Amino acid sequence: MVNASLRQVAQWLQAEVAAGQESLDREVSMALACDLMSDVLVFSLQGSLLVTGLINVQMVRTCEVAGLAGVVVARGKRPPDETIEAARAQGLPLLLSPLSVFDACGRLHDQGLRGYSDHGPMSRP
Amino acid sequence: MSEEDRHTADDAQFVQAFEVAGNDFASSGAASIAVKNLLKQVGFAPEITRRAAIVAFEAEMNVVMYGGGGRMSLYLAGNLVRLVVDDQGPGIADLDLAMQEGWSTATGQMREMGFGAGMGLPNMKRHSDRLRIDTTPGRGTKVVAEFDV
C-alpha cells in the first residue's frame, strides 16, 4: 500500500492549494471520486482523499463529517468564497486541479493510490 | 426492558440541542459538525465521533430538505451517545421505500448540489448501533440513533 503526502498529490495533479496549506504533510493511501454526498458517507473513508466536481459548501461539510484528509476539485473549477472559507475554517486541504476527474484519478492510481475496492471489505461498513 | 424503554430509561444526560433551519443550505451541516466537535472535545473515540457525525449529517440534511426545519438533540452517558432529531414536517409516507438504497424524493435543485443519492436513511442505519424512526404523515418525524461506546 502506497502512502502519499497531500503535497505530492498537489504536485501530481498540478493543483493550487486553496485551503489547508498547513496540513500538506498529511498522508493518504485511499481515494474516492464522487459527486454524491451520501455516496461519500456510505464508505469508511476516514483519512482518504476525495476527487470531485462539486464546489458547494455542503461538499466541504460532507468531507469534514466523513473525516476525509483532503479534497481535490477537478476540471479547473473555482469554488465560491464560502466554500474556500469553510475549508479554511475546518482546516481541510482543498486542492484545485485543472485535470478532469478521470485524469486526476488515473494519475493517482498510477502513483499507487487505491480505492475502496482494493482496500478490502473493511472499507465498507 | 422493552425497546421503547431503552430510549428513555437510562442515565444519558441531555447535553445540547441545535436548531436546524428548513431549506437553509448555506448553514446545513453546521449542527452535525458542532456535534462532532463536541464529541471530540468530550473525548469519545474517533470512530464513534465519525459515525455519529455521519448519522447526524444525514438526519440534519433530511430535516433541511424535507422536514421544514427541526431540532437535533444530543444525549450522553459514559457508554452511550444518543442523537434525537425531530421535525414537524410532512412525515415519511412509506418508510420501507425510504429505507431502500437509491430511493430519493430529492428535487432537481437538491440533486444539483450533490444530494439525492437516496442513501441518507440507509447510511443512518449502517453507521448507528440502533436506529428508530417514528413518523406520522402530516405531523412530523423523529429519529433516535444510538451509539454504544
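Conventions adopted
Residues numbered from 1 in each chain as written. Chains lettered and ligands numbered in written order. Predicted model: local features only at pLDDT ≥ 70, side-chain atom pairs only at ≥ 80, totals over all residues. Heavy atoms only, no water. Helix = DSSP H or I, 4+ residues; strand = E, 2+ residues; numbered from the N terminus. Rg over C-alpha atoms; globule rule 2.2 N^0.38 Å. Contact = heavy atoms within 4.5 Å. Areas by Shrake-Rupley, 256 points an atom, 1.4 Å probe, with all protein chains shown as cover. Lys, Arg positive; Asp, Glu negative; His and termini not counted. Charge placed at Lys NZ, Arg CZ, Asp CG, Glu CD. Pairing = 2+ DSSP bridges. Axes fitted to C-alpha atoms, helices over the stretch in contact; angles between N-to-C directions. Phe/Tyr/Trp six-rings, centres within 6.5 Å; stacked < 30°, edge-to-face > 60°. Buried < 20%, exposed > 50% of the residue type's maximum accessible area, 1.4 Å probe, protein only. Expected span 1.5 Å × (residues − 1). Parallel < 35°, antiparallel > 145°, perpendicular 65-115°, else oblique. Left-handed = near helix turned anticlockwise from the far one by under 90°. Nonpolar A, V, L, I, M, F, W, Y, C, P; charged D, E, K, R; others polar. Disulfide = S-S within 2.5 Å. Salt bridge = Lys/Arg side-chain N within 4 Å of Asp/Glu carboxyl O.

### Structural notes on the overall build of chain A
Along chain A, the regular secondary structure elements total 6 helices and 7 strands. Against the globule reference of 14 Å for 125 residues, chain A gives a C-alpha radius of gyration of 13 Å, in line with a compact fold. In terms of principal-axis extent, the alpha carbons of chain A reach across some 35 × 25 × 25 Å. By sequence separation, contacts in chain A at least 24 residues apart represent 56% of the contacts at least 6 residues apart. Only carbon and sulfur atoms are counted for the fraction: they give 49% of the accessible area of chain A, which is about 5,300 Å². Between the mean site of the 10 positive side-chain charges and the mean site of the 13 negative ones, chain A shows a separation of 2 Å.

### Comments concerning the overall build of chain B
Tallying secondary structure elements over chain B gives 6 helices and 5 strands in all. Taken from N to C terminus, the helices and strands of chain B fall in the order α-β-α-α-β-β-α-α-α-β-β. Relative to the 2.2 N^0.38 estimate, which gives 15 Å for 149 residues, the radius of gyration of chain B is 15 Å and therefore close to what a compact globule would have. Principal axes of the C-alpha set define a box for chain B whose edges measure 45 × 35 × 25 Å.

### Details of the sheet that holds strand E2 (residues 69-77) of chain B
All names here are of chain B. Strand order in the open sheet made by the 5 strands is E1-E2-E3-E5-E4, with antiparallel pairing throughout. Here the strands that pair on one side only, and so sit at the sheet edges, are strand E1 (13-21) and strand E4 (130-136). The average undirected angle you get between the axes of adjacent strands in this sheet is 15°. Relative to strand E3 (residues 80-87), helix H3 (residues 46-67) is tilted by about 5°, and along the sheet it contacts E1, E2, E3 and strand E5 (140-148). Sheet contacts for helix H6 (residues 120-127): E4 and E5; angle to E4, the most-contacted strand, approximately 145°.

### Observations regarding the packing of aromatic side chains
Any pair of aromatic rings gets described here by the distance separating the centres and the angle formed by the planes. Under the definition given, this model contains 3 aromatic pairs over all chains. Between the aromatic rings of A:Phe43 and A:Tyr116, the centroid separation amounts to 4.0 Å while the plane-to-plane angle is 20°, which identifies the pairing as stacked. Of the two residues, A:Phe43 is situated in the loop between helix H2 (37-42) and strand E5 (49-52) and A:Tyr116 in helix H6 (residues 116-119); the sequence distance between them amounts to 73 residues. Among the residues examined, A:Phe43 registers a relative accessible area of 9% and is labelled buried. A:Tyr116 gets classed as partly exposed once you look at its relative accessible area, which sits at 31%. For the ring pair B:Phe25 and B:Phe115, a centre distance of 6.1 Å and an interplane angle of 40° mean the geometry is tilted. Of this pair, B:Phe25 sits in the loop between E1 and helix H2 (30-42) while B:Phe115 sits in the loop between helix H5 (108-112) and H6, and the two are 90 residues apart along the sequence. Judged on exposure class, the residue B:Phe25 and its partner B:Phe115 are both buried.

### Side note on the environment of B:Gly118
Residues and elements named next belong to chain B. Take glycine 118: it is sitting in the loop between H5 and H6. Taking C-alpha positions, glycine 118 is 20 Å from aspartate 129, a pair spaced 11 residues apart along the chain. Residues within four places of glycine 118 in sequence aside, it is in contact with Gln100, Glu101, Gly102, Trp103 and Ser104.

### Brief notes about H3(B)
Residues and elements named next belong to chain B. In this model H3 runs 29 Å from its N-terminal to its C-terminal C-alpha over 22 residues, within 8% of the 32 Å that 1.5 Å per residue would give. Most of H3 is tucked away, with 18 of its 22 residues classed as buried. Glycine 68 sits one or two positions beyond H3 and adopts a positive phi of about 70°.

### Concerning the packing of H2(B) against H3(B)
Residues and elements named next belong to chain B. It is at 8 Å that the axes of H2 and H3 come closest, and there the two elements cross at 160°. In terms of orientation, H2 lies roughly antiparallel with respect to H3. Considering only the axes of H2 and H3, their crossing is right-handed. Contacts from Ala30, Ala31, Ser32, Lys36, Leu39 and Lys40 of H2 reach H3 at Thr49, Ala52, Ala53, Ala56, Phe57 and Glu60. Taken together, the residues of the contact of H2 with H3 sort by class into 7 nonpolar, 2 polar and 3 charged.

### Let's talk about the state of the cysteines
Applying the stated criterion across every chain yields a total of 0 disulfides over all chains. A:Cys105 takes part in no disulfide bond, and the closest cysteine sulfur to it belongs to A:Cys34, at a distance of 11 Å.

### What about the pattern of salt bridges?
The final tally for this structure, using the stated rule, is 11 salt bridges over all chains. For A:Arg78, the salt bridge is made with A:Glu16, and the minimal N-O distance between the two is 3.0 Å. Here A:Arg78 is found in the loop between strand E6 (70-73) and helix H4 (81-90), whereas its partner A:Glu16 is found in strand E2 (residues 16-19), with 62 residues between them in sequence. Residue A:Arg78 is classed as exposed on the basis of its relative accessible area, which comes to 52%. Salt-bridge contacts for B:Arg130 lead to B:Asp148; the nearest nitrogen and oxygen are separated by 2.7 Å. Highlighted residues: B:Arg130 in strand E4 and B:Asp148 in strand E5, separated in sequence by 18 residues.

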